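Per-entry structural report
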Amino acid sequence: EAKSQGRGRYVVYAPDMDQRGAEQARIAADLRVGLDTGQLHLLYQPIVAIADGSVYGVEALVRWTHPQRGPVGPVDFIPAAERTGLIVPLGAWILGEACRQAVRWQQELGDRAPRTVSVNVSARQLREAGFAADVAAVLLQTGLAPDRLTVEVTETAVFDDGTAMAELHAIKALGVTIALDDFGTGHSSLGLLRTCPVDTLKVDKSFVDNVTQGGQHAVVAEALIHISNGLQLRAVAEGVETAEQADALYRLGYRYAQGYHYARPLPAAEVGQRLSQPASRLSHSG
Ligand code: C2E
Ligand code: MG
Ligand code: MG
Ligand code: MG
């Protein structure tokens, strides 16, 4: 039977797959109710230019407040949503909500609105034929310009999957930006950078963590910025927590970063407040 421990966590004790499956089915059942009754919301984490801390874009990150368990993080419910297929309606809601918010910022902030809003799309969504058509419909309904939307996918989601790759090409053809998330941790095949219509590499936090110490992680971080620049991709360093990391990344050639050093994921209204300030005041305020 499903067990929980501590506030807001589903702890999965999985002696066998049946039990794990049952727990995930239970999470998904709760999540279905949560989706229908407004228990979910999005936070937005700024993606900044390292040089001056100005906000280039924001990444939408889903949050769930369970009525009994309290806050439950996406790592504790996205896998269950993927396994049960609930990710399809959940993902559609997330996409619509993020696009509506992007339009709201443009109305409220004009030129200061985030240049792009990123939405995470999971393998299951992408492997559903018709996903690109859903994206096109949302853009039409919300009035968001396609180049203001970034779709974040992992290497693993597109690796070796014909449907996912076709959907990605169709999304790209709409004018939407494509980012490879957690780059360097998945089925890393550099060949993917040629076959996949990618615009942005999000270099995984694991390469950022030890970048100030030199060594292997710094070597990989440096190789990845060379590849990005050579292929004319935008590189974003993920999970930047300190000024030292930001400085080291900048010296390696990185120009964009995301992480607690700049800002945590924020409610939409707080993003708006930050964007209303002059850019110079944004740097080192995270
Ligand atoms: P991700 O897409 O790689 O998102 C970045 C994660 O790193 C977020 O965790 C963010 O809060 C966290 N993070 C950002 N800066 C820092 C930092 O400086 N230090 C540390 N330690 N963490 C940092 P979060 O929100 O818990 O999301 C985890 C993962 O869940 C995401 O990884 C993504 O794979 C998935 N996810 C989140 N929201 C969605 C969504 O709306 N749809 C889908 N399909 N997946 C989502
Ligand atoms: Mg992401
Ligand atoms: Mg990531
Ligand atoms: Mg990550």
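What counts and what doesn't
- Residues numbered from 1 in each chain as written.
- Chains lettered and ligands numbered in written order.
- Predicted model: local features only at pLDDT ≥ 70, side-chain atom pairs only at ≥ 80, totals over all residues.
- Heavy atoms only, no water.
- Buried < 20%, exposed > 50% of the residue type's maximum accessible area, 1.4 Å probe, protein only.
- Helix = DSSP H or I, 4+ residues; strand = E, 2+ residues; numbered from the N terminus.
- Pairing = 2+ DSSP bridges.
- Donors = N, O, S within 2.8 Å, 3.2 Å for Na, K, Ca; no water.
- Near = heavy atom within 4 Å.
- Polar contact = N/O pair within 3.5 Å; in protein donor to acceptor, adjacent residues only side chain to side chain.
- Areas by Shrake-Rupley, 256 points an atom, 1.4 Å probe, with all protein chains shown as cover.
- 1 Å grid on protein atoms, 1.4 Å probe; cavity = no way out; pocket = protein on both sides within 12 Å on 5 of 7 lines; lining within 4 Å.
- Sits in = over half its atoms within 2 Å of the grid points.
- Nonpolar A, V, L, I, M, F, W, Y, C, P; charged D, E, K, R; others polar.
- Core = buried A, V, L, I, M, F, W, Y, C linked by side-chain atoms within 4.5 Å.
- Points joined across faces, edges and corners; volume = space filled by probe spheres on them.
- Expected span 1.5 Å × (residues − 1).
- Arc of directions from axis to C-beta.
- Contact = heavy atoms within 4.5 Å.

As recorded in an unreviewed UniProt entry, the protein goes by the name Putative signaling protein, listed as coming from Actinoplanes friuliensis DSM 7358.

1. Details of the pairing of strand E4 (residues 55-66)
In terms of residue burial, E4 counts as a mostly covered element, since nine of its 12 residues are buried. Relative to E4, strand E3 (residues 40-49) runs antiparallel, the two being bridged by nine bridges. The partner of Leu 43 across the bridge, within E4, is Leu 61. Here E3 folds back onto E4, and the loop between the two strands holds five residues, one of which, Gly 53, carries a positive phi near 75°. Summarising the sheet, E4 and strand E6 (residues 116-120) pair through four bridges and their orientation is parallel. Residue pairing for E6: Val 58 is matched across the bridge by Val 117. Bridging between E4 and strand E5 (residues 70-72) involves three bridges; their strand directions are antiparallel. Paired with Trp 64 across the strands is Val 72, a residue of E5. Where E4 folds back onto E5 in an antiparallel hairpin, the turn is made up of three residues.

2. Brief notes about the coordination of the magnesium ion (ligand 2)
Those donors, Glu 59 (OE), Asn 120 (OD1), Glu 152 (OE) and Asp 181 (OD), are the protein atoms that reach the magnesium ion (ligand 2), and they lie 2.0 to 2.2 Å from it. Mapped onto the sequence, the donors of the magnesium ion (ligand 2) take the spacing E-x60-N-x31-E-x28-D. The distance between the magnesium ion (ligand 2) and the magnesium ion (ligand 3) is 3.8 Å, with Asp 181 acting as a donor to both metals. Of this pair, Glu 152 sits in strand E7 (residues 149-154) while Asp 181 sits in strand E8 (residues 177-183), placing them 29 residues apart in sequence. This pair shows no difference in class: Glu 152 is buried, exactly as Asp 181 is.

3. Some remarks on the site of ligand 1
What surrounds ligand 1 is a group of 21 residues, the closest being Arg 63, Asn 120, Asp 181, Glu 241 and Tyr 260. The contact in question runs from an oxygen atom of ligand 1 to an N or O atom on the side chain of Glu 59, over 3.0 Å. One of the backbone N or O atoms of Val 62 is found 3.2 Å from a nitrogen atom in ligand 1. Burial of ligand 1 by the protein amounts to 80% of the accessible area it has alone, namely 800 Å². When atoms are counted within 2 Å of each cavity's grid points, the one that captures over half of ligand 1 is the largest pocket. When residues of the shell around ligand 1 are traced back to their parent elements, those giving at least two are E4 and E8. Considering only residue class, the shell around ligand 1 consists of nine nonpolar, five polar and seven charged.

4. Observations concerning the nonpolar core
Core analysis: the biggest nonpolar cluster contains 80 residues, and Tyr 44, Leu 149, Leu 180 and Tyr 254 have the highest contact counts within it. At 10 residues, helix H3 (residues 87-109) tops the list of elements feeding residues into this core.

5. Re the layout of surface pockets
Empty space among the atoms becomes apparent when a probe as large as a water molecule is rolled across them. One number sums up the size of the largest pocket: a volume of about 1,100 Å³. Lining the largest pocket are 37 residues, and of these Glu 59, Leu 61, Pro 74, Val 75 and Asn 120 lie nearest its centre. Considering each element in turn, the lining of the largest pocket owes the most residues, five residues, to E4. Space inside the second largest pocket adds up to approximately 200 Å³.

6. What to know about helix H10 (residues 215-230)
Spanning 16 residues, H10 covers 23 Å between terminal C-alpha atoms, matching the ideal 22 Å at 1.5 Å per step. Those residues of H10 not exposed but buried are Ala 218, Ala 221, Leu 224, Ile 225 and Ser 228. Buried residues in H10, looked at end-on, bunch into an arc of 125°, giving them a common side. Pointing more than 90 degrees away from the buried face of H10 are the exposed residues Gln 216, Val 219, His 226 and Gly 230. The secondary structure elements touched by the buried residues of H10 are E8, strand E9 (200-203), helix H9 (205-209), strand E10 (234-237) and helix H11 (243-252). One or two steps after H10, the chain reaches Gln 232, where phi turns positive at roughly 55°.

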